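Residue-level listing of the chains:
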Number of protein chains: 2
Amino acid sequence: MKNESRRNFVKTAAAAAASLPLATVSSVESKPKAMKSVFVHQVYFWLKNPDSTADRDKLVEGLKTLTKIKEIKSWHIGIPAGTSRDVIDGSYSISWLNTLKDRAAQDAYQVHPIHTAFVDNYKHLWNKVVVYDAVDVPL
Amino acid sequence: MKNESRRNFVKTAAAAAASLPLATVSSVESKPKAMKSVFVHQVYFWLKNPDSTADRDKLVEGLKTLTKIKEIKSWHIGIPAGTSRDVIDGSYSISWLNTLKDRAAQDAYQVHPIHTAFVDNYKHLWNKVVVYDAVDVPL
């Protein structure tokens, strides 16, 4: 490599190394990030035995199997946060949130063998489930 | 710069430039990403006039003001996805999802002037609102 081209390569590589992590950090931390072009699949489960930690752990075990489904972009397994204003429904046992690329990905998720096995193996634990599916509002 | 140290710098910078973007891409695209250490604030609105596109647009305008609140990490404004299994509630008009760092951030969001102004200025549009707050299940 000639000295001139080596210098240019050094500049380019150094600039890339310096700028990329900074860009990543600022986009994640500095301002609220819009989730766009996603399908939001939000599920709330009410356990038959809401006071049973064993049943809750079992359902969480089942939900964790779903996190292997590659159509999922991001996921969260939650419990009520303990907030209590009059508009808040904190009566559910477990929340299961995931985002996917689009409706086709959600359809694939629904019929995925891991998902159908989850329903078969864990549905005895809950007596109510409510699902809210959302796509981006046209802006 | 001596040849040897220049070579090492080239190697280091090139390795950094090559590895960082790859790491970023793989964490975003290759496997489902866990949302951990977050407070998930999920709100569903039912409009008084659910068939009014003008009212829906107005509410979306209001929700967009909330996206300036710096406590929010990520957000999504949605509409029902058109799915229709028996467990799905697709009767709401607009969904408003956001994630925050923790309960303290959510408490700050609730009393933020932009949020209180939103409630004052747009509450005439809805006749029902349901909120689900969730924190990470202990794993």
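For clarity, every value in this text was computed on a predicted model and none was experimentally measured.

As a further point, take the overall build of chain A. Looking only at helices and strands, chain A has four helices and five strands in total. Taken across its 139 residues, chain A has 25% of its residues classed as buried. Within chain A, contacts between residues at least 6 apart in sequence are counted, and of these 78% link residues at least 24 apart.

What follows deals with the confidence of the model for chain A. In the predicted model, chain A carries a mean pLDDT of 86, and 78% of its residues have values of at least 70. Contacts from residues 12-28 of chain A, a stretch scored under 50 in pLDDT, to residues over four places away or in other chains number 15 contacts.

Attention now moves to the packing of helix α2 (residues 53-66) of chain B against helix α4 (residues 113-122) of chain B. Residue and element names in this part refer to chain B. As a packed pair, α2 and α4 sit with axes 9 Å apart at the nearest point and diverge in direction by 170°. Regarding the angle of α2 to α4, the classification is roughly antiparallel. Across the interface between the two elements, Lys58, Leu59, Gly62, Thr65 and Leu66 of α2 pack against Ile114, His115, Phe118, Asn121 and Tyr122 of α4. Grouping the constituent residues of the contact of α2 with α4 by class yields five nonpolar, four polar and one charged.

Taken together, the contacts link 52 residues of chain A with 51 residues of chain B. The set of elements that each furnish at least two residues to the side of chain A that touches chain B consists of α1 (3-29), β1 (33-34), β2 (39-47), β3 (72-80), β4 (94-100) and β5 (126-136) of chain A. When residues of the side of chain A that touches chain B are assigned to their parent elements, the largest contribution, ten residues, is made by α1(A). Residues of the side of chain A that touches chain B, tallied by class, amount to 34 nonpolar, nine polar and nine charged.

Mapping chain A onto chain B calls for a rotation angle of 180° and an axial translation of 0.0 Å; the resulting RMSD is 0.0 Å. Those values place the two copies in the arrangement expected of a two-fold rotation axis. Taken as a fraction of all interface residues of chain A, those also at the interface in chain B reach 98%, which identifies the copy contact as same-surface.

On to the nonpolar core. Ranked by internal contacts, the top residues of the largest apolar core, which has 43 residues, are A:Phe39, A:Ile94, B:Phe39 and B:Ile94. In this structure, A:Ile94 is in contact with A:Phe45, A:Arg56, A:Leu59, A:Val60, A:Ile77, A:Ile79 and B:Val137, ignoring residues within four places of it in sequence.

Quick look at unusual backbone geometry now. A positive phi angle, near 55°, is found at A:Ser37, a position not held by glycine. A tally of 10 C-beta atoms within 10 Å means that A:Ser37 is categorised as exposed.

On any regular strand, side chains alternate: one points to one face of the sheet, the next to the other face. The sheet contact formed by β1(A) and strand β3 (residues 72-80) of chain B spans two bridges and is parallel. When the sheet's bridge partners are listed, A:Ala34 is paired in β3(B) with B:Trp75. Sheet topology note: the β5(A)/β3(B) ladder contains three bridges and is antiparallel. What sits directly across from A:Asp136, in β3(B), is B:Gly78. Direction of pairing for β3(B) relative to strand β4 (residues 94-100) of chain B: antiparallel, over a ladder of six bridges. Residue pairing for β4(B): B:Ile77 is matched across the bridge by B:Trp96.

Within the secondary structure, A:Ser95 sits in strand β4. For A:Ser95, a count of 23 C-beta atoms within 10 Å corresponds to the buried category. Spatially, the C-alpha atoms of A:Ser95 and A:Val111 are 20 Å apart, while their sequence positions differ by 16 residues. Setting aside chain neighbours within four positions, we find A:Ser95 in contact with A:Val43, A:Tyr44, A:Gly78, B:Tyr132 and B:Ala134.

So, about the environment of B:Asp136. Positionally, B:Asp136 belongs in strand β5 (residues 126-136). By C-beta crowding, B:Asp136 is classed as partly exposed, having 18 other C-beta atoms within 10 Å. Spatially, the C-alpha atoms of B:Asp136 and B:Ala54 are 37 Å apart, while their sequence positions differ by 82 residues. Apart from the residues within four sequence positions on either side, B:Asp136 is in contact with A:Gly78, B:Lys36, B:Ser37 and B:Val38.

All names here are of chain B. With seven bridges connecting them, strand β2 (residues 39-47) and β4 associate as antiparallel partners. Bridge assignment links Phe45 to a residue of β4, and that residue is Ile94. One ladder, built from nine bridges, connects β2 with β5; its direction is antiparallel. Counterpart to Tyr44 in the pairing with β5 is Val130.

What counts as what
Residues numbered from 1 in each chain as written. Chains lettered and ligands numbered in written order. Predicted model: local features only at pLDDT ≥ 70, side-chain atom pairs only at ≥ 80, totals over all residues. Helix = DSSP H or I, 4+ residues; strand = E, 2+ residues; numbered from the N terminus. Buried ≥ 20, exposed ≤ 12 C-beta atoms within 10 Å, placed from the backbone. Contact = placed C-beta atoms within 7 Å. pLDDT = per-residue confidence, 0-100. Axes fitted to C-alpha atoms, helices over the stretch in contact; angles between N-to-C directions. Parallel < 35°, antiparallel > 145°, perpendicular 65-115°, else oblique. Nonpolar A, V, L, I, M, F, W, Y, C, P; charged D, E, K, R; others polar. Least-squares fit on C-alpha atoms with pLDDT ≥ 70 in both. Core = buried A, V, L, I, M, F, W, Y, C linked by C-beta atoms within 7 Å. Pairing = 2+ DSSP bridges.

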